[in-house]
Amino acid sequence: MVEEDQDEWMSYATAGYGGAVDPWDDLVPVEPEENEDEDIDDDDIFDDEVPSLRDLDAPPCPAPMGIRHVIRLGCCDYCLSRIGGRLNEDGLSPEVHGSRIREEAISRDPALSEIEETYCPFCEDLFQDIENIVIRIIREIGDVEFSSLQMGYHISKELIEEEDYLRKRFGARGANPLKSSFSTAVENALKEKLGGVDFVKESPDVMILVDSLTLRVKAEIRPIFYYGRYRKLAKDVPQTRWPCRACKGRDGGCESCEGTGLQYRDSVQDLIGEPIREALSAEDTSFHGMGREDIDVRCLGRGRPFVVEVKKPKIRSIDFEQILKQIGLGAEDKVEVDSLRLSNRSEVARIKETKAEKSYRIRFQVGGEIPEDSESKILELTGVILEQRTPKRVAHRRSDLVRKRQVISVENVLIEENEIQFDVRCQSGTYVKEMVHSDDGRTTPSVAEILESECSVLWLDVIEIHAE
Ligand SMILES: [Zn+2]
Ligand SMILES: [Zn+2]
């Protein structure tokens, strides 16, 4: 595939599901030539005849003189059927129906039998290519599993315009335009070969693009999406694949990543996505989480909602029980998923936009004596609005701002020797570690501030993400 084609194709493929859009409609703009008649070679008598016939007056089909005229223009049997305006009561194939119309016309005017079927001006012989196109489509799909197809056709603007002119002038009123007739013909022929396939206008399993000019066919396997919630039980597991810092994951990795291209061998994305990718013979996955926890933070409770996007799957039916078992085997003690269901691209947007409150359990060490009223002081953080300047640890990738976030509730304060632990529920986007250690006064108020002691965080767990 030529690089340029790939880009053109991908820019369409990533544009989302757009209904019955013909992605090639606005490509190949063909300007009608203005001085058409002057360009004709005088020696070419045949070419000279066509424009004169084309411009002759004749009644529209289904009048016998109209049918006679379109036959003289070179109309093929298929187009005779679709523009001839004669009922196809016996449900014949268009070709057979068209040839009946032609036979009738010849019986009225035997001279018509001498008209050579040269080149149909109504379709430029497109309908003769149907079988060839269907073969190419089936070859292009290969062994990919699908139940629905969305078709896109590119027909040159020049032909569309010429056909429109001729059909409106000589064809029966209400006759189907070329493009819809052509798509119906391709789809009927495909149904015959493939059996139960749905032709849809959006969210297909496979998208097929047919270029009528070159007969080039492209099949794009659309991604499949699954929704679930994950619990992350281990630290040092990033949510998404994290490329090696040294080699950036290029050229098959380097020494420091032992050829994996990864900074961390495991990620939630791959622990969940790889068994699915393998089961579906897919190319790759993308992972979309409802926010993400720091690499050293566990995520417990009901887990974090996510959608995994599986790219170019050759198989589309999945046994959820089986795949959950596979994930469990590979991700033991690191990641857990209880259930999966089918999802879609719009749910990705939904979970990306959801600002869910979260509950955390945090444990920290206090430098020096723990004041007696520590518990009540910590509980008083309930309802407080924190002002959080961008933490030092993320300042390299986020602009320096002051964020206001509310602490919804604090409970279960536990004091053991010089360590304190509590549960806190707060607004989405709260920097929880900073709420405890204050980040050198950049978060205020903070536990360190109210206890007037240095506090260093031992660990942090997400214990609930309050999303439905
Ligand atoms: Zn035709
Ligand atoms: Zn590396």
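A brief look at the structure comes next.

Along its length, the chain carries 15 helices and 14 strands. Residue burial in the chain is summarised as follows: out of 468 residues, 29% are buried. A sequence separation of at least 24 residues applies to 70% of the contacts in the chain between residues at least 6 apart.

Here the focus is helix 8 (residues 157-170). Between its first and last C-alpha atoms helix 8 spans 20 Å; for 14 residues at 1.5 Å apiece the expected length is 20 Å, and the two agree. Of the positions making up helix 8, those classed as buried are Glu163, Arg167 and Phe170. End-on view of helix 8: buried residues confined to an arc of 90 degrees, all on one side of the axis. Away from its buried face by more than 90 degrees, helix 8 exposes Glu161 and Tyr165. Along its buried surface, helix 8 packs onto helix 4 (64-73), helix 5 (77-83) and helix 9 (178-194).

Take helix 9 next. For helix 9, which comprises 17 residues, the first-to-last C-alpha distance of 24 Å matches the rise-based estimate of 24 Å (1.5 Å per residue) to within 8%. At its buried positions, helix 9 is contacted by helix 5, helix 7 (130-141), strand 1 (148-154), helix 8 and strand 3 (206-211). Gly195 sits one or two residues past helix 9 and shows a positive phi near 75 degrees.

In this section: the environment of Lys314. Relative to the helices and strands, Lys314 is located in the loop between strand 7 (298-311) and helix 11 (320-330). Of the residues examined, Lys314 has 14 C-beta atoms within 10 Å and is grouped as partly exposed. If sequence neighbours within four positions are ignored, Lys314 has contacts with Asp143, Val144, Glu145, Leu280 and Ser281.

The next point concerns the nonpolar core. Looking at soluble globular proteins, one finds that nonpolar side chains tend to be buried together. Judged by nonpolar contacts, the single largest core of 44 residues is most densely connected at Ile272, Val335, Ile362, Val424 and Val432. Counting residues per element, this core draws most heavily on strand 7, at five residues. Structurally, this core is a two-domain feature, drawing no fewer than three residues from each of domain 3 (224-348) and domain 4 (358-465). When near neighbours in sequence (up to four residues on either side) are disregarded, Ile362 contacts Gln421, Phe422, Val424, Val432, Val436, Val457 and Leu460.

Right, let's get into the packing of helix 7 against helix 9. Helix 9 packs onto helix 7 with a crossing angle of 55 degrees between their chain directions and a minimal axis gap of 10 Å. One element, helix 7, and the other, helix 9, form an angle in the oblique class. The chirality of how helix 7 crosses helix 9 is right-handed. Seen from helix 7, the contacting residues are Ile130, Glu131, Ile133, Val134, Ile137 and Ile138; seen from helix 9, they are Ala185, Val186, Ala189, Leu190 and Lys193. Per-class residue counts for the contact of helix 7 with helix 9 are nine nonpolar, no polar and two charged.

Across eight bridges, strand 5 (residues 224-232) lies against strand 7 in antiparallel orientation. Of the residues in strand 7, the one forming a bridge with Tyr227 is Val307.

A few words on the sheet that holds strand 4 (residues 216-221). With mixed pairing, four strands are arranged side by side in an open sheet as 2-1-3-4. Among the strands making up the open sheet, the edge pair consists of strand 2 (198-199) and strand 4. When strand 1 meets strand 2, the two strands line up parallel, connected through two bridges. Paired with Leu149 across the two strands is Phe199, which belongs to strand 2. On top of the sheet, helix 7 reaches strand 3 and strand 4; it is set at about 35 degrees to strand 4, its chief contact. On top of the sheet, helix 9 reaches strand 1, strand 2 and strand 3; it is set at about 140 degrees to strand 1, its chief contact.

This paragraph deals with the environment of His437. Along the polypeptide, His437 turns up in helix 14 (residues 432-437). Once residues within four sequence positions are removed from consideration, His437 is found in contact with Ser446, Ala448, Cys455, Ser456 and Val457.

Right, let's get into the packing of helix 4 against helix 6 (residues 94-108). Running from N to C, helix 4 and helix 6 cross one another at 105 degrees; their axes reach a closest spacing of 10 Å. As far as their axial angle goes, helix 6 and helix 4 are roughly perpendicular. Of the residues in helix 6, those in contact with Pro64, Ile67, Arg68 and Ile71 of helix 4 are Ile101, Arg102, Ala105 and Arg108. Looking at the contact of helix 4 with helix 6, its residues break down into five nonpolar, no polar and three charged.

What follows is about unusual backbone geometry. Cis peptide bonds are those with omega within 30 degrees of zero, and the linkage from Cys61 to Pro62 qualifies with 10 degrees. Position of Pro62 among the secondary structure elements: in the loop between helix 3 (45-54) and helix 4. In this model, Ser203 sits at a positive phi of 45 degrees, which is unusual for a non-glycine residue. Along the chain, the position of Ser203 falls in the loop between strand 2 and strand 3.

Definitions and cut-offs
Residues numbered from 1 in each chain as written. Chains lettered and ligands numbered in written order. Predicted model: local features only at pLDDT ≥ 70, side-chain atom pairs only at ≥ 80, totals over all residues. Helix = DSSP H or I, 4+ residues; strand = E, 2+ residues; numbered from the N terminus. Buried ≥ 20, exposed ≤ 12 C-beta atoms within 10 Å, placed from the backbone. Contact = placed C-beta atoms within 7 Å. Expected span 1.5 Å × (residues − 1). Arc of directions from axis to C-beta. Core = buried A, V, L, I, M, F, W, Y, C linked by C-beta atoms within 7 Å. Domains from an automatic or database assignment. Axes fitted to C-alpha atoms, helices over the stretch in contact; angles between N-to-C directions. Parallel < 35°, antiparallel > 145°, perpendicular 65-115°, else oblique. Left-handed = near helix turned anticlockwise from the far one by under 90°. Nonpolar A, V, L, I, M, F, W, Y, C, P; charged D, E, K, R; others polar. Pairing = 2+ DSSP bridges.

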